[in-house]
Amino acid sequence: MMGNSTAALERRGFGRTSRRDAWWATPLATFLVLSAFVVYATWAAFQNAHYVYGPYLSPLYSPVLFGDSPHAWLGPKPGWWPGWLPFSPALLILPFPGLFRLTCYYYRGAYYKAFWADPPSCAVGEPRASYWGERSFPLIMQNVHRYFLYVALGFLVVLSWDVWKALWFPNPATGGTSFGIGVGTLVLALNVVLLAGYTFGCHSLRHLVGGRLDEVSKRPAQERAYACVSCLNRRHMPIAWCSLIVVAFADVYVRLCSMGIWTDWRIL
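Cut-offs and rules
- Position labels on residues start from 1 in each chain and follow its written sequence.
- This being a predicted model, a pLDDT of at least 70 is required before a residue's local features are given, and a value of 80 or more before pairs of side-chain atoms are given or counted; all residues contribute to the totals for chains, interfaces and linings.
- Each side-chain value is worked out from all heavy atoms of the structure, with water and hydrogens disregarded.
- Two rings from Phe, Tyr or Trp (for Trp, the six-membered ring) form a pair when their centres are within 6.5 Å of each other. A pair whose planes differ by under 30 degrees is stacked, one over 60 is edge-to-face, and the rest are tilted.
- Under the DSSP-based scheme used, a helix requires at least four consecutive residues in state H or I and a strand at least two consecutive residues in state E, with every element numbered from the N terminus.
- For every residue, the accessible area (1.4 Å probe, protein chains only) is compared with the maximum for its type, and the residue is labelled buried under 20%, exposed over 50%, or partly exposed between those bounds.
- Within this scheme a cavity is a closed region of a 1 Å grid, computed over the protein atoms alone, that accommodates a 1.4 Å probe without allowing it to escape, whereas a pocket is open but has protein on both sides within 12 Å along at least five of seven lines; lining residues each have an atom within 4 Å of a point.
- Grid points are joined across faces, edges and corners, and a volume is the space filled by probe spheres set on the points.
- Amino acids are sorted into nonpolar (Ala, Val, Leu, Ile, Met, Phe, Trp, Tyr, Cys and Pro), charged (Asp, Glu, Lys and Arg) and polar (every other residue, Gly among them).
- Any two strands are treated as partners once DSSP identifies two or more bridges connecting them.
- The contact criterion used is simple: two residues touch if any of their non-hydrogen atoms lie within 4.5 Å.

K.L.:
Explain the packing of aromatic side chains here, please?
P.N.:
Under the counting rule described, the total for this entry stands at 17 aromatic pairs. Considering the side-chain rings of Trp168 and Phe179, the 5.6 Å spacing of their centres and the 75° angle between planes classify their relative orientation as edge-to-face. Here Trp168 is found in strand S3 (residues 168-171), whereas its partner Phe179 is found in strand S4 (residues 176-179), with eleven residues between them in sequence. Its relative accessible area of 44% is what places Phe179 among the partly exposed residues. Linked through ring pairs, Phe100, Tyr106, Tyr107, Tyr198 and Trp241 together constitute an aromatic cluster.

K.L.:
I keep staring at the environment of Asn143 and nothing clicks. Help me out?
P.N.:
Here Asn143 lies in the loop between helix H5 (105-116) and helix H6 (145-165). We classify Asn143 as partly exposed; its relative accessible area is 37%. Between the C-alpha atom of Asn143 and that of Cys104, which follows or precedes it by 39 residues, the distance is 9.6 Å.

K.L.:
Even after reading the chapter, I still don't get the layout of surface pockets, so can you show me in this structure?
P.N.:
A probe as big as a water molecule, rolled over the atoms, marks out the empty space that is left. Of the volumes computed, that of the largest pocket is approximately 880 Å³. Residue assignment for the lining of the largest pocket shows that the elements contributing at least two residues are helix H2 (25-47), helix H3 (90-93), helix H4 (95-102), H5, H6, helix H7 (183-200) and helix H10 (236-258). Along the lines of polarity and charge, the residues of the lining of the largest pocket split into 31 nonpolar, seven polar and one charged.

K.L.:
Please explain the environment of Gly125 as it appears in this structure.
P.N.:
Structurally, Gly125 can be placed in the loop between H5 and H6. The spatial distance from the C-alpha of Gly125 to the C-alpha of Arg219 is 46 Å, given a sequence separation of 94 residues.

K.L.:
What exactly am I supposed to notice about empty space enclosed by the protein here?
P.N.:
In the structure shown here, the tally under the stated rule is three cavities of 30 Å³ or more. Counted as a void, the second largest cavity has a volume near 40 Å³. Taken together, Leu57, Ser62, Pro63, Val64, His71, Trp73, Val158, Trp161, Asp162 and Lys165 make up the full set of residues lining the second largest cavity. Here the lining of the second largest cavity gets four residues from one element, more than from any other, and that element is H6. Here the residues of the lining of the second largest cavity sort into six nonpolar, two polar and two charged.

K.L.:
Honestly, the pairing of S4 in this entry has me stumped. Any pointers?
P.N.:
Regular strands have side chains that alternate between both faces of the sheet. Pairing analysis gives four bridges linking S3 to S4, with the strands arranged antiparallel. Residue pairing for S4: Phe169 is matched across the bridge by Ser178. Turn length for the S3-S4 hairpin, with the two strands adjacent in sequence and antiparallel, is four residues, and the turn residue Gly175 shows positive phi of about 80°.

K.L.:
Teacher, can you tell me more about the side chain of Asn191 here?
P.N.:
Considering the arrangement of structural elements, one finds Asn191 in helix H7. In this view, Asn191 contacts Pro59, Leu159, Ser243, Val246 and Val247; residues no more than four positions away in its chain are not counted.

Right, dumping it as structure tokens:
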């Protein structure tokens, strides 16, 4: 019965379906939002400018390993950088959080429908007549997700430190810094909270803290951690989208303040 319905669906061709609802709306929205983010993040990464404003550092550039920014860990542009390749601190670090999202189990279901059309939606004709499986490209890429999880956890530490530094503003009276809270501080803090919610709700982390155990109830500490991760995991989709949007907005905020277009209001 299943084979007959599948064969009939394939005969209808790509995009053919008996569904009467707007099945294409979600894949289209996913395609537009993810495409917009990739285009903006790529453009912002190659700018190599306006990623610092006062104590604020854009999350798309953090950590700054090399660069002219006072936030740079290892000094200016290294001599080994190829002369033909445009230099930007973001090019050294963006691939790692990018690959964490690219290999995410939730995003796989989202962008496979929107970009790969495998399938475009449930009960909708596919462009391919066979399923390539988890051992074929590009699905095989998902297997490295657990390793990029460790990198993502490290980025949370760095971004949290950036929020701490965003609490200390230059004080011309003393020549040092003084404690304060600006709108940018709150934007960077919200970014860390959402990224933490997205990362701590990761399917791989859920497996690490307790999913691999036959009886997690026998280990109370791991059971509580497993329950917390599971709670975030149930909200993985909305947190994933909110964190993606706020990452881009944080860069926009720092960029426009640096350009003098927006004013960073001091709350405290």
